[in-house]
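Here is what each chain is made of, one letter per residue.
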Amino acid sequence: LAGQFQSQQVSLIVLSLGEDLFFDGARHPSVFVNSFHLWRAAWMCGYLGARRFGPRAATLVSLHEAGYGLTFAFQLGLEAANGTLLQTAVTHQHSSTEDPSRFITDVAAHEPDFVWAAYSGKEAISLLAAWEASGCKQKIPLLGLPPLVDDHIRKVAGDTAIGTYVVSPGPHRAEAEGMATALARAIGRPPHPYAMLAYESAHLIAA
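Scoring rules and cut-offs
- Residues numbered from 1 in each chain as written.
- Predicted model: local features only at pLDDT ≥ 70, side-chain atom pairs only at ≥ 80, totals over all residues.
- Heavy atoms only, no water.
- Helix = DSSP H or I, 4+ residues; strand = E, 2+ residues; numbered from the N terminus.
- Rg over C-alpha atoms; globule rule 2.2 N^0.38 Å.
- Buried < 20%, exposed > 50% of the residue type's maximum accessible area, 1.4 Å probe, protein only.
- Contact = heavy atoms within 4.5 Å.
- Areas by Shrake-Rupley, 256 points an atom, 1.4 Å probe, with all protein chains shown as cover.
- Lys, Arg positive; Asp, Glu negative; His and termini not counted.
- Charge placed at Lys NZ, Arg CZ, Asp CG, Glu CD.
- Arc of directions from axis to C-beta.
- 1 Å grid on protein atoms, 1.4 Å probe; cavity = no way out; pocket = protein on both sides within 12 Å on 5 of 7 lines; lining within 4 Å.
- Points joined across faces, edges and corners; volume = space filled by probe spheres on them.
- Nonpolar A, V, L, I, M, F, W, Y, C, P; charged D, E, K, R; others polar.

Caption draft 1: Up close: the overall build of the protein chain. Looking only at helices and strands, the protein chain features nine helices and seven strands. Here the C-alpha radius of gyration of the protein chain, 19 Å, is about what a compact globule of 207 residues would show, namely 17 Å. Expressed along its principal axes, the backbone C-alpha trace of the protein chain runs to roughly 55 × 40 × 35 Å. Across the 207 residues that make up the protein chain, the buried fraction comes to 40%. By sequence separation, contacts in the protein chain at least 24 residues apart represent 69% of the contacts at least 6 residues apart. Surface accessibility of the protein chain: about 11400 Å² in total, with carbon and sulfur atoms responsible for 55%. Of the charged side chains in the protein chain, 14 are positive and 18 negative; the average position of the first set lies 5 Å away from that of the second.

Here it is as structure tokens:
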């Protein structure tokens, strides 16, 4: 699309949670990408997990999340800290509510130092319940990204979400933090990342 927008002398603003990496080769003068940088947080999960808990990691990923580049970003961060990925198990292959217990048992049998989980929505609720029921919660640290423990998930998951480690992208500048505060005040609650990206983009257009 970039060439079409350039020929019309119009800028395209793209909003992305950052589930996939944008490489330098994708840069274009007519396209501006406003990203939540989830892939950066996934990279940090691998790097910090290996530094804090040990170098041996495994991943649990729902089929819905497996199509993104987040697991790849996690592995790059893990390897940057001299860690090793023992196994990746893809769960919820047939429905969003199926029991992932057998995958958890298999992953735990490899005795990882920690497990990284890529989940959201109903799959996250299912995973958190099965993780606690398996007894792994007391033995193996579980790391994830913000969608794993979104507000609506915690309301349903309850105590099963407690104890999960989450790495979240934060504001890079004081200006961005001020925008987040202003939007939260306007809508009466912490903004969802998509809402924050839209709000920032409106300010960008106005500027």
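Now that the structure has been shown, the text picks up again.
Caption draft 2: Region of interest: helix 5 (residues 101-109). Taken as a whole, helix 5 has its buried residues at Phe 103, Ile 104 and Val 107. The buried residues of helix 5 occupy an angular sector of 100 degrees when the element is viewed end-on, so they sit on one face. Pointing more than 90 degrees away from the buried face of helix 5 are the exposed residues Arg 102, Thr 105 and Ala 109. A positive phi of about 55 degrees marks Glu 111, the residue just after helix 5.

Caption draft 3: Summary view of the layout of surface pockets. Estimates place the volume of the largest pocket at around 1400 Å³. Phe 36, His 192, Pro 193, Tyr 194 and Met 196 are the residues nearest the centre of the largest pocket, which is lined by 48 residues in total. Counting only elements with at least two residues in the lining of the largest pocket, the list comes to strand 2 (31-35), helix 3 (63-66), helix 7 (151-157), helix 8 (174-187) and helix 9 (193-206). Its residues assigned to classes, the lining of the largest pocket comprises 28 nonpolar, eleven polar and nine charged. Approximately 440 Å³ is the volume attributed to the second largest pocket. As for the second largest pocket, its lining consists of 14 residues, of which Phe 22, Phe 23, Arg 27, Val 33 and His 37 are closest to the centre. Secondary structure elements with two or more residues in the lining of the second largest pocket: strand 2 and helix 2 (38-53).

No statement about biological role is implied by the geometric values presented.
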